[in-house]
Amino acid sequence: METQGKVITCRAAVAWGAGEPLVMEDVKVDPPQRLEVRLRILFTSICHTDLSAWKGENEAQRAYPRILGHEAAGIVESVGEGVEEMKAGDHVLPIFTGECGDCRVCKRDGANLCERFRVDPMKKVMVTDGKTRFFTSKDNKPIYHFLNTSTFSEYTVIDSACVLKVDPLSRYAWNVADIQPASTVAIFGLGAVGLAVAEGARARGASKIIGIDVNPDKFPLGREAGISEFINPKESDKAVHERVWEITEGGVEYSFECAGSIEALREAFLSTNSGVGVTVLLGVHASPQLLPIHPMELFQGRSITASVFGGFKPKTQLPFFITQCLQGLLNLDLFISHQLPFHDINKAMQLLHQGKALRCLLRL
């Protein structure tokens, strides 16, 4: 209560330039405005989206100084005017693609990219007034936001549409593809996203899950996630899709591209059965990139789609999925490969960059 309505000074990891080490420094965090929430971040982690933004791989998305981070858990410190669904002290999850509940997308079944608060890597200020809530402590210069969340900070301000109230927790491929029991699945890229797909496919009753990666060190964890067959593209001159067809005698029903590689996307598409195959794009690709598919190939019975946030409506559907996870439907502990204090965030970035980590949990 002592901080509500006041500017908070706290520690944050600030990106000042593409590929430069994040600077741990004091920043000022303004109080929340109308329909905004200020959070105390308890845990955050790093994914390849953060890594890509830190490297500045997409020049059009570069904005500095900036506070990255979009996977976290925290507690509400204070709320702005008009926020009724949560209060100070509530445990919450910041969500990088929001749900206003009022736009035509939010009101439509099967759609989850809210017109006002959808994930947008170009967005760097708050919706309410077009300004930031972060400022440098020395000269009061604005620090930009990232993916609606900016969780590499002890405190952050987020639109209430991008905050999900949950039960108190310390931990937290399915909806879009709608994998059917006894189906066959191929997963290209066995990082955290690929292993999450494997867990989901296993839980949905897939009969065979094939994992493809150039790093065989990832195969043991893959087995824990339910992958039964592995392909290392470096070990054979034969194309990956040909090897998938040999294993499955005709291609898989579902393939997932989780590597952010155009070559992998092409192989994933060709790995599917020519009558019923579905390819789901999950990897983040640098711009500009075009789909490596001829339009006429879609007449062969294959289809391709993409998934953001698993296709879930973040505020209305995610709570049920969290309950299922806590009941043991998915093994989420599998994905936490490292735990480090927040001040070691640059070490965590390097572990992910070097392919030595799935998810590094940072404790603030």
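The structure under discussion appears in the preceding block.
Because the structure is predicted, anything quoted here is derived from the model rather than measured.

Colleague: Quick rundown of the overall build of the protein chain? Include the residues and the values.
Modeller: From N to C terminus, the protein chain includes seven helices and 17 strands. Principal-axis analysis of the C-alpha atoms gives the protein chain an extent of 65 × 40 × 40 Å. Considering the protein chain as a whole, with its 364 residues, one finds that 50% of them fall into the buried category. As displayed, the protein chain has an accessible area near 16,800 Å², and 51% of this comes from carbon and sulfur atoms.

Colleague: Please set out the nonpolar core residue by residue, giving values where relevant.
Modeller: Counting residues in hydrophobic clusters, the biggest one holds 87 residues, and the most contacted among them are Phe-152 and Ile-345. Setting aside residues no more than four positions away along its own chain, Phe-152 makes contact with Ala-12, Ala-13, Leu-22, Thr-44, Ser-45, Ile-46, Asp-50, Ile-67, Leu-68, Gly-69, Phe-342 and Ile-345. Counting residues in each nonpolar core, the second largest holds ten residues, with Ala-186, Phe-188, Val-240 and Ala-268 among its members.

Colleague: Let's hear about the sheet that holds strand 2 (residues 23–29): which residues, and what values?
Modeller: Here we have four strands laid out as an open sheet, ordered 1-2-6-7, and antiparallel in their pairing. Single-partner strands in this sheet number two, and they are strand 1 (8–14) and strand 7 (142–143). Sheet topology places strand 2 next to strand 6 (residues 134–136); three bridges connect them, and they run antiparallel. Following the sheet pairing, Val-29 is matched in strand 6 by Phe-134.

Calculation notes
Residues numbered from 1 in each chain as written. Predicted model: local features only at pLDDT ≥ 70, side-chain atom pairs only at ≥ 80, totals over all residues. Heavy atoms only, no water. Helix = DSSP H or I, 4+ residues; strand = E, 2+ residues; numbered from the N terminus. Buried < 20%, exposed > 50% of the residue type's maximum accessible area, 1.4 Å probe, protein only. Areas by Shrake-Rupley, 256 points an atom, 1.4 Å probe, with all protein chains shown as cover. Core = buried A, V, L, I, M, F, W, Y, C linked by side-chain atoms within 4.5 Å. Contact = heavy atoms within 4.5 Å. Pairing = 2+ DSSP bridges.

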